[in-house]
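The lines below spell out each chain.
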Amino acid sequence: MRIKNDWPPNIEEIRKVLEPPKGTVFTYGDTIYAPGGETIEPHLMKHEETHERQQGKDPEGWWDKYLKDPQFRLEQELEAYSNQYSYAKVIIRDRNALAKFLFEIARDLAGPIYGNILTHGEAESKIKNRANG
């Protein structure tokens, strides 16, 4: 995947639906857009690689559905966060550090960046269950 320190080509459409906070990265096709120059840690790369695969040869169509359909958005993000958490489970050996990591990514999934589509507890449970599944 390529990484560009810029906004994705559809940022205006994204902003009409979601509230991406500072530090958010976006995948559009085979490119990760990191407008603030964010570092893409290996666990985040797993998340973004999931989106690249999900988008296939039609990132525009994927984004259109993603922004219009909250259930589709949840399914796509749940897969990406579960892959991210599965990767983290291999490299984070400390149980408390892993629990903190899960708490943080569940907070993101449950937050305004995705339209507050579920509670934090639901996000944590769904990520963990799918990663263990």
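Everything below is about the structure printed above this text.
Below: a short report on this structure.

What counts, and at which threshold
Residues numbered from 1 in each chain as written. Predicted model: local features only at pLDDT ≥ 70, side-chain atom pairs only at ≥ 80, totals over all residues. Heavy atoms only, no water. Core = buried A, V, L, I, M, F, W, Y, C linked by side-chain atoms within 4.5 Å. Buried < 20%, exposed > 50% of the residue type's maximum accessible area, 1.4 Å probe, protein only. Helix = DSSP H or I, 4+ residues; strand = E, 2+ residues; numbered from the N terminus. Contact = heavy atoms within 4.5 Å. Phe/Tyr/Trp six-rings, centres within 6.5 Å; stacked < 30°, edge-to-face > 60°.

## Focus: the nonpolar core
Consideration 1: Ile-14, Trp-63, Tyr-66, Tyr-85, Ile-105, Leu-109 and Ile-127 are the most contacted members of the largest nonpolar core, which has 29 residues in total.
Consideration 2: Contributing elements (two or more residues each) for this core: helix H1 (11–17), strand E2 (26–28), helix H3 (59–68), helix H4 (70–91), helix H5 (95–109) and helix H6 (120–132).
Consideration 3: In this view, Tyr-85 contacts Leu-98, Phe-101, Leu-102, Ile-105, Ile-127, Lys-128 and Ala-131; residues no more than four positions away in its chain are not counted.
Consideration 4: Judged by nonpolar contacts, the second largest core, of six residues, contains Ile-32, Ala-34, Ile-40 and Met-45.

## Quick look at the packing of aromatic side chains
A ring pair, where both rings are aromatic, is described by two values, the distance of the centres and the angle of the planes.
Consideration 1: Throughout the structure, instances matching the rule amount to six aromatic pairs.
Consideration 2: Between the aromatic rings of Tyr-81 and Tyr-114, the centroid separation amounts to 5.9 Å while the plane-to-plane angle is 85°, which identifies the pairing as edge-to-face. Taken together, the residues Tyr-81 in helix H4 and Tyr-114 in the loop between H5 and H6 connect sequence positions 33 residues apart. An identical accessibility class is assigned to Tyr-81 and Tyr-114; each is buried.

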